[in-house]
Every structure is written in structure tokens, then in C-alpha cells.
Amino acid sequence: MKFDVIGDIHGCYEELLAIMSKLGYEKIKDTYHHPEQRKLAFIGDLTDRGPNSTEVINLVANLVSTGQAYYCPGNHCDKLYRYFLGRNVQITHGLETTVAELKALSKKEYNRIRQTFMNLVEQSPLYHVLDQKNLVIAHAGIRSSDIGKTNKRIKTFVLYGDITGESNPDGTPIRRDWAQHHEGREWIVYGHTPVKKPRFVRNTVNIDTGCVFGGALTALQYPEMTTVQVPSSLPFVEEKFRSFE
């Protein structure tokens, strides 16, 4: 099977529609299909910071429920899920934009979106192992030795990356560059850490090119290992991108 793996969307609905069109997906009835039977795969962080998180939820949930896409949650998805559960989460780091959208909805529409999103998260695995274990999609990555397992430690790694427990001056967690130590033969496609261009390192690819920070929305075509991008409509914020040089 062939896949188009799309990086962190963060509410950038227009860019999502644009990249799906560029990849060749066509709307047929109530969902999208590819003439070559390719499937979409989303690596989490559908919402927060961008202008239209609720429409992204609707579209991705529809694609997954109609068998046209795979999805695994990101840390922002996990936080929104906990918000919907009524947990005491901080409405910061982008969640405030999604909450503002939700508060503008009618009660009926709010409840529908809430149920749609919670179903999507509950019915999706922490990460996907695809193409006979040759392709793994995980929001912030995963170690080869952890593929096939799930526990609290692995969930933290998949959602947040290889964090040290310390913080940067802006409050974001310090993350180790785990990709440099990947030795497995499988391709691991992930996002979470915005980079200015797709980063290929030792059979891993980071495709979060910071669409919500004015970069681009990126899709990785598998097994071709080519990338397709659409530019962001939002202003560029240099300090949000990580440099590995």
C-alpha cells in the first residue's frame, strides 16, 4: 500500500485541503479518495494555534471513519482530549485558540465536535505500524526497541519526544535528538518539532515544517520517500523552528 503522511496541521484547514488536492485526492460524495488507492496518514496535532481546528477535526475524523486515512494522536490532541473529559488542563500553548472556536459553537454543535474528536482519539492507536512493519508513524517519534509495545514511558516519548525533564527559556521542554541513534531498518515518520525543511536522518523523517508558524504543510509520499509541500498562509515566526546544525 502507498501512503501520504501529513505533518502537524494545527488548525491550518485551507492548507490541508490544498495539500490533499496537490497529492491527487478527489472529493467523491462525503469523503476523499485517491485514484491510485493511496491512503492518508496523519501524525497528530490536528488542532491549536491555527485558524480552523474544528474543520480539521471534522475532515480527519471523516477520512478515518471512511477508511481513507490513518491517524495517531499528538500531544495537542491528548491535551484537547483531556479538556473534553473535563480535566484541569491549562488553556495555553495554543489550546486557547481551539477553545475560542468551541465556545463560539451552539451547544449541539459543540457536543457533536466533542464526541467526534473523542471517538477519533479513543479508536486510534498511539502509533501506527504499517506496510509489514516497514513504516511507523508516531507523533514525536519512537525507539525501534519500543515498536509493538505501549506503556506510560513510551506514550510520553511518542507524544513529547525524548525529553530531558528540563526546560528551554520559553518554557518548552528540552528534547534530545533521538533520530541520530535510530538503527532500525523501518522508516519512522514523525513531527512535533518544527524544522524549516523535512529532516531525513537514519531512516527517520521529521515532516513538521511549521505550517502554523508560517512555514509549510508537508506530506511524505511512501514508499517513494518524496515530499510534497504547500506554503503557509500565516506569518513566519523564525524562533519557533529548531535548528540541528
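Residues numbered from 1 in each chain as written. Predicted model: local features only at pLDDT ≥ 70, side-chain atom pairs only at ≥ 80, totals over all residues. Heavy atoms only, no water.

Going by an unreviewed UniProt entry, the protein chain carries the name Bis(5'-nucleosyl)-tetraphosphatase PrpE, asymmetrical and comes from Halalkalibacter krulwichiae.

*Asks:* Tell me about the packing of helix α3 (residues 75-85) against helix α6 (residues 152-160), and name the residues and values.
*Replies:* Relative orientation of the contacting elements α3 and α6 amounts to 115°, with a least axis distance of 8 Å. Taken together, the axes of α3 and α6 are roughly perpendicular relative to one another. Residues Asn75, Asp78 and Arg82 of α3 form the contact with α6, whose own contacting residues are Lys155, Leu159 and Tyr160. Counted by class, the contact of α3 with α6 contains two nonpolar, one polar and three charged residues. (Axes fitted to C-alpha atoms, helices over the stretch in contact; angles between N-to-C directions. Helix = DSSP H or I, 4+ residues; strand = E, 2+ residues; numbered from the N terminus. Parallel < 35°, antiparallel > 145°, perpendicular 65-115°, else oblique. Contact = heavy atoms within 4.5 Å. Nonpolar A, V, L, I, M, F, W, Y, C, P; charged D, E, K, R; others polar.)

*Asks:* Just give me the short version of the packing of aromatic side chains, but keep the residues and values in it.
*Replies:* For the structure on display, the rule yields nine aromatic pairs. Taken together, the aromatic side chains of Tyr83, Phe84, Tyr110 and Phe117 make up a single cluster linked through ring pairs. (Phe/Tyr/Trp six-rings, centres within 6.5 Å; stacked < 30°, edge-to-face > 60°.)

*Asks:* So, the sheet that holds strand β6 (residues 128-130): which residues are in play, and what are the values?
*Replies:* Within the open sheet, the five strands sit side by side as β6-β7-β10-β12-β11. Their pairing is mixed. Of all the strands in the sheet, just β6 and β11 (199-201) have a single pairing partner and so form its edges. On average, each strand axis in the sheet is inclined to that of its neighbour by 20°, with strand direction left out of account. In this sheet, strand β12 (residues 204-206) lies alongside β11 in antiparallel orientation, the contact comprising three bridges. Bridge assignment links phenylalanine 200 to a residue of β12, and that residue is valine 205. (Pairing = 2+ DSSP bridges.)

*Asks:* How would you summarise the pairing of strand β14 (residues 226-231) if you had to cite specific residues and measurements?
*Replies:* Across six bridges, the pairing between strand β13 (residues 216-222) and β14 is antiparallel. Considered in β14, the bridge of leucine 220 is made with threonine 227. The turn linking β13 back onto β14 is made up of three residues, and methionine 225 within it adopts a positive phi angle of 60°.

*Asks:* Before we move on, can you summarise α6 with the specific residues and values?
*Replies:* Among the residues of α6, Ile154, Phe157, Val158 and Leu159 are the ones counted as buried. Packing partners of the buried residues in α6 comprise α3. Immediately downstream of α6, the backbone of glycine 161 shows phi near 90°, a positive value. (Buried < 20%, exposed > 50% of the residue type's maximum accessible area, 1.4 Å probe, protein only.)

*Asks:* Lay out the environment of asparagine 75 in plain terms, naming residues and giving numbers.
*Replies:* Along the chain, the position of asparagine 75 falls in helix α3. Under the relative-accessibility criterion, asparagine 75 is labelled buried at 13%. Distance in space between the C-alpha atoms of asparagine 75 and histidine 181 is 23 Å, their sequence separation being 106 residues. The contact partners of asparagine 75, leaving out residues within four places of it in the chain, are Asp45, His139, Leu159, Tyr160 and His192. A polar contact is formed between the side chain of asparagine 75 and the side chain of histidine 192, at a distance of 3.2 Å. (Polar contact = N/O pair within 3.5 Å; in protein donor to acceptor, adjacent residues only side chain to side chain.)

*Asks:* Talk me through the packing of helix α1 (residues 13-23) against helix α2 (residues 53-65); I want residue IDs and the actual numbers.
*Replies:* Packed helices, taken two at a time, are described by the angle between their axes plus the distance between the axes. Interaxial distance between α1 and α2 falls to 9 Å at its minimum, and their mutual angle equals 35°. Crossing handedness for the pair α1 and α2: left-handed. Between α1, through Tyr13, Leu16, Leu17 and Met20, and α2, the contact on the second element is made entirely by Glu55, Val56, Leu59, Val60 and Leu63. When grouped by side-chain class, the residues that make up the contact of α1 with α2 number eight nonpolar, no polar and one charged. (Left-handed = near helix turned anticlockwise from the far one by under 90°.)

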